[in-house]
Amino acid sequence: MEEVELVFLGTGGARFSTITQKRHTGGIRFIRPLNLQLDPGPGAIVYSNILGLDPSTVEVVAVSHCHPDHYSDAQVFVEAMSQGGTRKRGIFIGPKSVVTGTEDFNSCLTKYHRKLISQLVEMQPGAEIQIKSVRISATHAYHSDPDSVGFRFSFETGDIGYTSDTEFQADVPEQYSGVRLLILCVLRPNGSTWPGHLSTDDAIQIIQKVSPEMCVLTHFGMRMIAADPANEARRIEHETRIHTIAAEDNMRICMGKDLKVDRLSR
């Protein structure tokens, strides 16, 4: 069975972290067994190239909701997938707000870019798609974009859950039951809540119920960065007894028989 390999092109999120780039906001790049760009926020194309991850090799772009810190570089990746618009290629996945637009949100794709994609997939919670050996399922996220989704990626070596931006609700942990690796978008630290997002306290509740092999925190706002995400991760691990780490820009994870983390300097 082929290992899963992914790289954090960015670990920042929300307005001011995005504006200042205190943490990069490039989302997550899955390299194998499926080359997928998840939530390509500002700088994703730049950080991809800096790390030598050729954007033109991307097969799938997945966007969780219609906020710029999650989608701003999506159209550039569509152009990369389509070899600069010279061939119709690639799969684009997202909820209605992202794919077709709603009353409150315009689609993040122009009509031109939609024509460059081989398969455009609108996903609601509970929907799933099989791409090669990987099954991708949409999970429910509670956010200011009401169409927001999280994702569950099912590989031969195990499942990975990605909450995207969501506030805590009772059914959130249930959607990730059985995952080996749980990636939580934790905007704020202990004692600091914000509607539509998770805090450290919320993360503890989710992890205790999911009980993954490993949990990774990412998508940090400025208050979380100031509090030091690594300290928050240590607190979570102390409370839950589940191995928990704070993602760093350029951090790489391989999931095979074991889960291996390679931390690179920023």
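Structure first, text after, so check above.
Residues numbered from 1 in each chain as written. Predicted model: local features only at pLDDT ≥ 70, side-chain atom pairs only at ≥ 80, totals over all residues. Heavy atoms only, no water.

## Side note on the overall build of the protein
No. 1: Looking only at helices and strands, the protein has 9 helices and 16 strands in total.
No. 2: Whereas a compact globule of 266 residues would reach a radius of gyration of roughly 18 Å, the protein reaches 17 Å, a difference of no more than 12%.
No. 3: Principal-axis analysis of the C-alpha atoms gives the protein an extent of 50 × 45 × 35 Å.
No. 4: Split into buried and exposed, the 266 residues of the protein put 58% on the buried side. (Helix = DSSP H or I, 4+ residues; strand = E, 2+ residues; numbered from the N terminus. Rg over C-alpha atoms; globule rule 2.2 N^0.38 Å. Buried < 20%, exposed > 50% of the residue type's maximum accessible area, 1.4 Å probe, protein only.)

## So, the side chain of H197
No. 1: By the element assignment, H197 lies in the loop between strand 11 (181-188) and strand 12 (198-199).
No. 2: From its side chain, H197 meets the backbone oxygen of P195 in a polar contact 3.0 Å long.
No. 3: Ignoring sequence-local partners within four residues, the contact set of H197 consists of H143, D165, T166, E167, L187 and D202. (Polar contact = N/O pair within 3.5 Å; in protein donor to acceptor, adjacent residues only side chain to side chain. Contact = heavy atoms within 4.5 Å.)

## Looking at the nonpolar core
No. 1: Ranked by size, the top nonpolar core spans 36 residues in total, and within it F30, I93, I136 and F151 carry the most contacts.
No. 2: The element that contributes the greatest number of residues to this core is strand 9 (residues 149-155), accounting for 4 residues.
No. 3: With 20 residues, the next largest nonpolar core counts L184, F220, M224 and A246 among its residues. (Core = buried A, V, L, I, M, F, W, Y, C linked by side-chain atoms within 4.5 Å.)

## A short note on the pattern of salt bridges
No. 1: This model, assessed by the stated rule, comprises 9 salt bridges.
No. 2: Measuring nitrogen to oxygen at the nearest pair gives 3.4 Å for the salt bridge that ties R32 to E3. With a gap of 29 residues between them, R32 in strand 2 (residues 28-32) and E3 in the segment before strand 1 (4-8) connect regions that are remote in the sequence.
No. 3: Classification of R32 by relative accessible area gives partly exposed; the value is 25%. (Salt bridge = Lys/Arg side-chain N within 4 Å of Asp/Glu carboxyl O.)

## Section: the packing of aromatic side chains
No. 1: As enumerated under the stated definition, the model contains 4 aromatic pairs in all.
No. 2: Ring plane angle 25° and centroid distance 6.0 Å describe the contact between F30 and F155, whose orientation is recorded as stacked. A residue pair is termed long-range when its members are at least 10 positions apart, and F30 in strand 2 and F155 in strand 9 qualify at 125 residues.
No. 3: Under the relative-accessibility criterion, F30 is labelled buried at 2%.
No. 4: We classify F155 as buried; its relative accessible area is 10%. (Phe/Tyr/Trp six-rings, centres within 6.5 Å; stacked < 30°, edge-to-face > 60°.)

## Some remarks on the sheet that holds strand 5 (residues 91-94)
No. 1: Across the sheet, 8 strands lie side by side as 6-5-4-3-2-1-15-16; this open sheet has mixed pairing. Of all strands in the sheet, those with a lone pairing partner are strand 6 (119-122) and strand 16 (259-262), marking the two edges. Along the sheet, successive strands turn relative to each other by an average axial angle of 15°, direction set aside.
No. 2: In terms of strand pairing, strand 4 (residues 60-62) meets strand 5 through 3 bridges, oriented parallel. (Pairing = 2+ DSSP bridges. Axes fitted to C-alpha atoms, helices over the stretch in contact; angles between N-to-C directions.)

## With respect to the environment of N35
No. 1: Within the secondary structure, N35 is located in the loop between strand 2 and strand 3 (36-38).
No. 2: Note on N35: relative accessible area 11%, which makes it buried.
No. 3: Sequence separation between N35 and V61 is 26 residues; the distance between their C-alpha atoms is 8.9 Å.
No. 4: Residues contacting N35, with those up to four places away along its chain left out, are R29, F30, T57, V58, E59 and V60.
No. 5: Among the polar contacts made by the side chain of N35, one reaches the side chain of R29 at a distance of 2.8 Å.

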